[in-house]
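# Chains, contacts and geometry: an overview
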Amino acid sequence: MITKHITEVTTKFNPFKNPSKTCRIFLAHLPANARTMMKINTTVLTRDSQEPSFLKLKFKDGKEMQLDTEKLKINDVVEEVDRHSRTLNRKADLEGN
């Protein structure tokens, strides 16, 4: 997963529910030095909470992505993130940065 273009990660999930598995795995996929490169906001819900889990990402170009992790699997989330990150990589390569 290409994470160098992500500036902020906001997630909310109930760790006791199975649909929140995607959020937990996404956070595990972040590199060890992610807290120095991006802002990470995590809200862990209580066991009896009925709020849906979600993942919100902000990129260097200002694009915000809100992903419904109740319906998406981790492979789908990684694919969406990589798709936008590859376009940012191409744009940076064309500018010579």
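See the structure printed just above.
Residues numbered from 1 in each chain as written. Predicted model: local features only at pLDDT ≥ 70, side-chain atom pairs only at ≥ 80, totals over all residues. Heavy atoms only, no water.

## Comments concerning helix H1 (residues 21–29)
Counted only if it meets this: Buried residues are those whose accessible area, probed at 1.4 Å on protein chains only, stays under 20% of the maximum for their type, while exposed residues exceed 50% and partly exposed ones sit between those limits. Secondary structure elements follow DSSP: runs of H or I no shorter than four residues count as helices, runs of E no shorter than two count as strands, and numbering proceeds from the N terminus. The arc in question is traced by the directions running from the helix axis to the C-beta atoms. Any two residues having at least one pair of non-hydrogen atoms within 4.5 Å are treated as being in contact.
For H1, every residue scored as buried is listed here: Thr22, Cys23 and Phe26. For H1, the angular spread of the buried residues around the axis is 100°, confining them to a single face. Lining the buried residues of H1 we find strand S1 (6–13), strand S3 (54–59) and helix H3 (74–95).

## Observations regarding the pairing of S1
Using the following cut-off: Pairing between strands is defined by DSSP: at least two bridges between the two strands are required.
Sheet topology places S1 next to S3; 6 bridges connect them, and they run antiparallel. Along S3, the bridge assignment pairs Thr10 with Lys56. For S1 and strand S2 (residues 39–44), the ladder comprises 6 bridges, and the chain directions are parallel. When the sheet's bridge partners are listed, Lys12 is paired in S2 with Thr43.

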